[in-house]
2 protein chains.
Amino acid sequence: MRILHRFEITRRKLIVTLAAVLVSTGAMWTAAPAQAQDDPLPSWNDGTAKQAILDFVWGTTQQGSPYFVPPAERIAAFDQDGTLWVEHPMYSQVIYCLDRVPALVAAKPELREVEPFKTVLTGDREAIAKLPMADLEKLLAATLTGMTVDDFKAEVEKWLAATRDPRWKRPYTALSYQPMQEVLRFLRANGYKTFIVTGGGQDFVRVYSEATYGIPPEQVVGTAGGIRFGYDKNGRPTLTKEPKLLLNDNDAGKPQGIHLMIGRRPVIAFGNSIGDRQMLEYTTAGAGARLGMLVLHDDAEREYAYGPAQGLPETKVGTFTQELYNEATNNGWLVISMKKDWKRIFPKGTAD
Amino acid sequence: MRILHRFEITRRKLIVTLAAVLVSTGAMWTAAPAQAQDDPLPSWNDGTAKQAILDFVWGTTQQGSPYFVPPAERIAAFDQDGTLWVEHPMYSQVIYCLDRVPALVAAKPELREVEPFKTVLTGDREAIAKLPMADLEKLLAATLTGMTVDDFKAEVEKWLAATRDPRWKRPYTALSYQPMQEVLRFLRANGYKTFIVTGGGQDFVRVYSEATYGIPPEQVVGTAGGIRFGYDKNGRPTLTKEPKLLLNDNDAGKPQGIHLMIGRRPVIAFGNSIGDRQMLEYTTAGAGARLGMLVLHDDAEREYAYGPAQGLPETKVGTFTQELYNEATNNGWLVISMKKDWKRIFPKGTAD
């Protein structure tokens, strides 16, 4: 993100720097207006974070800019949980898996007395939260695999339509962050291709990514399992979800998934937790202009506050550790304060 | 491909059929001109194959057409070797691997007396062609893995620039099929997103896909290996190619790869061999309008003739079996005769 070392002081300084470069090369180049007539990020308060996004997009898309990025290379990667929508107190996909257990046990009664299904059926969220990782994996495998991809999609659609977040009494898909929606649209309007790169299940997120974020399924990279091709009893081809992990799209898995599914290094990456660290490292280590940003959940009133970097309580989700905070500072990744940088959290007419 | 059962007789009949449907529904709909002013497929001879493509695109993209496909669903999948460019007498990626052996042995002299490297070093193509599959896999692993993804890309670029096909004395990337280039452009001009779905190495094809076919790396699905994230001695993140198979993008692997990388069922699929069978089955089994087509190599003079369906000699590459031919007939997949349907094989100024 070396470009941001120039950008981060003031925009005026950047314009002066770029102008000097361009005069010396004789290139034609139009400086951006001091005040944009239509603010592409109306839900952002003025500040370093907003200005960095505006400057970066402007600097990388103007013909003649020394930071110009050709349209084909304009790849932007976004973590989902905690970056594009609410992840606290539990990832919505995990809630989906828990909600599927009664139907699963109805179909396979022998699971009723088997852990972790027995505990899940009690509905005791505290006991459920204490289930060991091996049990959680058993739960995910049992509820996310074994069906055709079409049946899975239909189930998730039904669940999304019927389920409400307990705090906001809204569908989960209404709990995306309005300021990030504006960033996605602003980037796309400037020739960036936006990708989700999520630790969540790829098949799960693809069900709603287009309607919720304007991001088509083929631009969703996520944790992915094996798929078995076969034929149903009528001889029609089927794809069945298998309990075999192909890609764990967390931590080092994120740059691996980016290479597998996208095949180019992103220019921009947004995350919010230690699981996004390698994605931001990989993104911002590339040549030329790079932008790395991290969303900090420090707004207990309008959303949630968590992450020890701010002396906030540690949680099981989206840990923004002190180590990540230090690395952000060292690498020039900008931290977005939900409390200070965002005028509103959710889209109008949804949750706030 | 049920739509083609209506399309395949004559275009006039189609127009009449559609018009009748539309009059009865009261929908507004403009019929296509009887003769397009600018032929989007000038390298195709008039015939069933050309007409099917024109009719299908026209029928799926006109608002009000009963075969209309929303833009987001317009996914078209193309096999590469033998469908978009020459695959005979050997896949160019295999030639790349063979060409890499001297440099590999120079770096690791202990391989000089070890098979299959010993045989490859003799340059005896007949002996090389007889190497058992296990040796071929050893060769692919040794030449396609162990380096960073950036180093691999640079090597392939260098090789593509330096290497010529022995028959046409042209770079391999000049040996794409002009009629298929026109189909790719015609589809994109009509809102279709074009994907390569190849048995070849995903990382290999992505090096030249954009320049050669206008298909960006993120729209190339291919055989893919594991990737290891790490750091070089300067602490910079690296991605290293590992000798571990993640996706064998042949046969049943093609629909699996399509689900993994694209996440939607294509509307159109083009192939040329038994390895494309499941992709065509999966594509054309979807609801609504579907198009499946197979390129038949029956032009010994301008390209090659192979495939037992035409009494042509069987080869190691792109086998168009009698079984595939029968299935094409039963499923309404159209067979493209290179000899009869294509006016020219290669782009002007390249090979013919």
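Reading the values: the criteria
- Residues numbered from 1 in each chain as written.
- Chains lettered and ligands numbered in written order.
- Predicted model: local features only at pLDDT ≥ 70, side-chain atom pairs only at ≥ 80, totals over all residues.
- Pairing = 2+ DSSP bridges.
- Helix = DSSP H or I, 4+ residues; strand = E, 2+ residues; numbered from the N terminus.
- Axes fitted to C-alpha atoms, helices over the stretch in contact; angles between N-to-C directions.
- Contact = placed C-beta atoms within 7 Å.
- Domains from an automatic or database assignment.
- Nonpolar A, V, L, I, M, F, W, Y, C, P; charged D, E, K, R; others polar.

Novice: Now, about the sheet that holds strand E3 (residues 220-231) of chain A: what can you tell me, with residues and values included?
Specialist: Residue and element names in this part refer to chain A. Within the open sheet, the 7 strands sit side by side as E4-E3-E2-E1-E5-E6-E7. Their pairing is mixed. The open sheet has two free edges, formed respectively by strand E4 (237-247) and strand E7 (334-337), since each of these has just one partner strand. Taking the axes of each pair of neighbouring strands and ignoring which way they run, one obtains an average angle of 35 degrees across the sheet. Against the sheet, helix H10 (residues 202-213) engages strand E2 (193-201), E3 and E4, with an angle of about 140 degrees to E2.

Novice: Explain the domain arrangement of chain A residue by residue, including any values.
Specialist: All names here are of chain A. Assigned domains within chain A: domain 1 (2-89 + 169-341) and domain 2 (92-162). Counting from both sides, the interface comprises 17 residues of domain 1 and, opposite them, 14 residues of domain 2. At the level of secondary structure, the elements contributing two or more residues to the side of domain 1 that touches domain 2 comprise E2, H10, E3 and E4. In terms of residues, the side of domain 1 that touches domain 2 owes the most to one element, E4, which gives 6 residues. Its residues assigned to classes, the side of domain 1 that touches domain 2 shows 8 nonpolar, 6 polar and 3 charged.

Novice: Pulling in residues and values, what's your account of the interface of chain A and chain B?
Specialist: Put simply, an interface is often sized by how much accessible area is lost when its parts join up. Facing the 28 residues of chain A at the interface are 28 residues of chain B. Residue assignment for the side of chain A that touches chain B shows that the elements contributing at least two residues are H10, E3, E4, helix H11 (253-261) and helix H12 (277-284) of chain A. The greatest single-element share of the side of chain A that touches chain B, amounting to 5 residues, is contributed by H11(A). Looking at side-chain class alone, the side of chain A that touches chain B contains 18 nonpolar, 4 polar and 6 charged residues.

Novice: Can you tell me about the sheet that holds strand E5 (residues 268-271) of chain B, naming the residues and giving the values?
Specialist: Residues and elements named next belong to chain B. Pairing is mixed across the open sheet formed by 7 strands, whose spatial order is E4-E3-E2-E1-E5-E6-E7. Either end of the sheet is taken by a strand with one partner, and the two such strands are strand E4 (237-247) and strand E7 (334-337). Each neighbouring strand pair of the sheet contributes to a mean axis angle of 35 degrees, computed without reference to strand direction. By the bridge criterion, 3 bridges tie strand E2 (residues 193-201) to strand E3 (residues 220-231) in an arrangement that is parallel. The residue bridging isoleucine 196 from the neighbouring strand is valine 220, located in E3. On the sheet, helix H11 (residues 253-261) packs against strand E1 (75-78), E2, E3 and E4 and is oriented at approximately 145 degrees with respect to E4.

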